[in-house]
Amino acid sequence: MRIGIFGVGTGEPGGNKIDAMVSAIATAHEQGFGSFWTAQIFELDALTAFAVAGREVPDIKLGTAVVPTYPRHPMMLAQQALTVQAAIGDRLQLGIGLSHQPVVEGMWGIPFERPVRHLREYLDALVPLINDRNASVSGELVTSRGGIDLGDAPACPVYVAALGEQTLKTVGKRCDGTITWMVGPGTLADHTIPVLRAAAAEAGRPQPEVLAGFPVCVTDDVDRARERAAKLFEIYGQLPSYRAMLDREGLGGPEDLAIIGDEDTVSARLDHLAEIGVDEFTASEFGVGAEAERTRELLRSKL
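Residues numbered from 1 in each chain as written. Predicted model: local features only at pLDDT ≥ 70, side-chain atom pairs only at ≥ 80, totals over all residues. Heavy atoms only, no water.

We now examine the pairing of strand β7 (residues 143–147). Pairing of strand β6 (residues 134–138) with β7 involves five bridges; the strand directions are antiparallel. Directly across from asparagine 134, in β7, lies its bridge partner glycine 147. Adjacent in sequence and paired antiparallel, β6 and β7 are bridged by four residues. (Pairing = 2+ DSSP bridges. Helix = DSSP H or I, 4+ residues; strand = E, 2+ residues; numbered from the N terminus.)

This is how it looks when you write it as structure tokens:
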């Protein structure tokens, strides 16, 4: 199982976020990690930041987890992704997702209607545009007709944040894999992985990858770390799609999903994820002080 770092590299308050991102990626690369992931939230534009950072830091793969689909037409997103590929040399891992109704409707004013159909039609346009530079889709929710010319920029893999059964089947039949967050090991083993891979097999596609993100902290003070996780990740226990995954796992909140403990405990939890079929663990580190150093060293020991 590969180990990647999930971070935003925001640095000091008021500082230059691009410089902080470049520094965080450079450190991960120097320490031997093969990938660095960041979210498209309300700070840096992830793809733009990666185009800059990837020109400064070689070799390490850069992944979005995830770019929301609703505010970006698939042709525009394909152009962005391929432009990043041209800039950094075939190292982009494009993770996309539906986001959440409170964000899509409440913040952007875009109807969050029929999300599974939206995703199917979106992928019917995006994947051909990235791979073949052309798409002709006239769907109920997504229309994309025409091509793009990005020279010899290579296609990038497409991962989708997929949680429910219909979304997982859609991804298995169309994409390179899924990237999860707030999905526990039991759900991954009994739901996510078998549904995704069965759909791919039915479609005659290669086995898709499963990239799983978890909060992680190596510490001797488990109770305090759990308290911190409960505050830091509180919102994920309230968003309906993540709440459903926590409920499916039988967990009270994100702090119950977080991987917390000493080196042996955390190492065993990571080994279990590898055993159930996770291809890459994306680590959202939340330790402070010595905990941060211990967490990073434990992750390095698993490379």
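Taken together, the buried positions of helix α8 (residues 222–232) are Ala225, Arg228 and Ala229. End-on, the buried residues of α8 take up no more than an arc of 100°, which puts them together on one face. What points out from α8, more than 90 degrees from its buried face, is the exposed set Asp223, Arg224, Glu227 and Lys231. Buried residues belonging to α8 abut β10 (209–218), α10 (254–257), β11 (259–261) and α12 (290–301). (Buried < 20%, exposed > 50% of the residue type's maximum accessible area, 1.4 Å probe, protein only. Arc of directions from axis to C-beta. Contact = heavy atoms within 4.5 Å.)

Here we come to the nonpolar core. Formed by 87 residues in total, the largest nonpolar core has its most connected members in Leu94, Leu188 and Phe281. Per element, the largest residue contribution to this core is eight residues, and it comes from helix α5 (residues 115–132). Counting six residues, the second-largest nonpolar core is a separate cluster that includes Trp37, Ala65, Val66 and Leu211. (Core = buried A, V, L, I, M, F, W, Y, C linked by side-chain atoms within 4.5 Å.)

Two elements in contact, helix α6 (residues 165–174) and helix α7 (residues 185–202), have axes separated by 7 Å at closest approach and are oriented at 45°. The orientation of α6 relative to α7 falls into the category oblique. α7 is crossed by α6, and the crossing has right-handed handedness. Between α6 and α7, the residues in contact are Glu165, Leu168, Lys169, Val171, Gly172 and Lys173 and His191, Thr192, Val195, Leu196, Ala199, Ala200 and Glu202, respectively. (Axes fitted to C-alpha atoms, helices over the stretch in contact; angles between N-to-C directions. Parallel < 35°, antiparallel > 145°, perpendicular 65-115°, else oblique. Left-handed = near helix turned anticlockwise from the far one by under 90°.)

Now for the packing of aromatic side chains. Counted according to the given criterion, the structure contains nine aromatic pairs. Centre to centre, the rings of phenylalanine 6 and tryptophan 181 are 6.3 Å apart; their planes meet at 15°, and the pair counts as stacked. With phenylalanine 6 in strand β1 (residues 2–6) and tryptophan 181 in strand β9 (residues 177–181), this residue pair connects regions lying 175 residues apart in the sequence. By relative accessible area, phenylalanine 6 is classed as partly exposed at 22%. Centroid distance tryptophan 181 to phenylalanine 233: 5.9 Å. Interplanar angle 65°. Geometry classified as edge-to-face. Of the two residues, tryptophan 181 sits in strand β9 while phenylalanine 233 sits in the loop between α8 and α9 (240–249), which places them 52 residues apart along the sequence. Residues tryptophan 181 and phenylalanine 233 agree in their burial class; the two are buried. Members of the aromatic cluster, joined through ring pairs, are Phe6, Trp181, Phe233, Tyr236, Tyr242 and Phe286. (Phe/Tyr/Trp six-rings, centres within 6.5 Å; stacked < 30°, edge-to-face > 60°.)

Before going further, it helps to spend a moment on α12. Look at α12: 16 Å from first C-alpha to last across twelve residues, which is about the 16 Å you get at 1.5 Å a residue. Listed as buried for α12 are Glu291, Thr295, Arg296, Leu298 and Leu299. The buried residues of α12 all sit within an arc of 160° when viewed along its axis, so they share a single face. Facing away from the buried side of α12 by over 90 degrees, the exposed positions are Ala290, Glu293 and Ser301. Tucked inside the fold, the buried residues of α12 contact β1, α1 (17–30), β10, α8, α11 (263–276) and β12 (280–285). (Expected span 1.5 Å × (residues − 1).)

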